[in-house]
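Overview (structure and organization)
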Amino acid sequence: LTAIRFENDKGETEYYDLDGRALGRRFLKYPVEYRKITSSYTGARFHPVLRRFRPHRGVDFSAPAGTPVRAVASGIVTFAARNGEYGNHIEIEHQRPYSTSYSHLRGFARDLRAGVSVRKGQVIGYVGTSGMATGPHLHFMLFENGSYVDPLRVKLPADEQISGTRWKRFAS
């Protein structure tokens, strides 16, 4: 496999094949190295703390407390603080139309706060049990145009393809 180091349209270093297709995906499939998925996205899940059925609009990834949580795509942090039942909670706005959130964290990465830019794969926090959680896990939500979508089933954007004036630079 041949990989060519080249700056993407945002000035970030990426690797491309000989045809100018990005070798890395725009989004990571999972934000954390997990043991198992303990709750999937569903319209009705029995909540273990509230003891009643209600929608579960994300995916719960069980992992040991302190496991690093990574941004699934580059973007801007729009929220990083305690948020009620979500506990320590981070929200990131990615390239339109996507945004993500990460909940029940033990804590945040150093210097992480609203307004900070993050890169795909960057550690943003650590798995915990803050908020309304019964054990250490990451509650991960994905939004498309502000609406909840199932992170495990959504079709995310295709990989970047170099074209136009950038192709001439790349080819040389």
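An account of the accompanying structure is given in this report. The residue numbering used here restarts from 1 in each chain and proceeds along that chain's sequence as written. Where totals are concerned, whole chains, interfaces and linings use all residues; where local detail is concerned, this predicted model gives features only for residues with pLDDT of at least 70, and gives and counts side-chain atom pairs only at 80 or more. Side-chain metrics in this entry use all non-hydrogen atoms of the structure; hydrogen atoms and water are not considered.

1. Details of the packing of aromatic side chains
- Geometry of aromatic contacts follows a simple scheme: Phe, Tyr and Trp rings, the Trp one being its six-membered ring, pair when their centres are within 6.5 Å, and the pair is stacked under 30 degrees between planes, edge-to-face over 60, tilted otherwise. A full pass over the atoms with the stated rule returns 10 aromatic pairs.
- Summarising the aromatic geometry, the rings of Tyr34 and Phe61 are spaced 4.9 Å apart at their centres and angled 55° between planes, so their arrangement reads as tilted. You can see Tyr34 sitting in the loop between β2 (13-16) and β3 (36-39) and its partner Phe61 sitting in strand β6 (residues 59-62), a full 27 residues away along the chain.
- Relative accessibility under 20% of the residue-type maximum defines a buried residue, over 50% an exposed one, and the middle range a partly exposed one, all with a 1.4 Å probe and only protein chains included. Its relative accessible area of 29% is what places Tyr34 among the partly exposed residues.
- Phe61 sits in the buried class, given a relative accessible area of 1%. Working definition: helices are DSSP H or I runs of at least four residues, strands are E runs of at least two. Numbering for both runs from the N terminus.

2. Focus on a nonpolar patch on the surface
- On the surface, a nonpolar cluster with roughly 380 Å² of combined accessible area is contributed by Leu1, Tyr15 and Leu23.
- Tracing the chain through its elements places Tyr15 in strand β2. For patches, a residue must show more than 30% relative accessible area and have no salt bridge; joins then use 9 Å for like charges and 5 Å for nonpolar side chains, namely Val, Leu, Ile, Met, Phe, Trp and Tyr. Residue burial considers only the protein chains on display, and all accessible areas are found by Shrake-Rupley using a 1.4 Å probe. For salt bridges, the criterion is a side-chain nitrogen of Lys or Arg within 4 Å of an Asp or Glu carboxyl oxygen.

3. Things to note about unusual backbone geometry
- Residue Pro97 is reached from Arg96 by a cis peptide bond, and omega for that bond is 10°.
- Following the sequence through the fold, Pro97 ends up in the loop between β9 (88-93) and β10 (98-108).
- A positive phi angle, close to 70°, is found at His104, a residue other than glycine.
- With respect to the secondary-structure elements, His104 resides in strand β10.
- Not every positive phi belongs to a glycine, and Asn145 is a case in point at roughly 55°.
- Within the secondary structure, Asn145 is located in the loop between β13 (137-144) and β14 (147-149).
- Classification of Asn145 as exposed rests on a relative accessible area of 61%.

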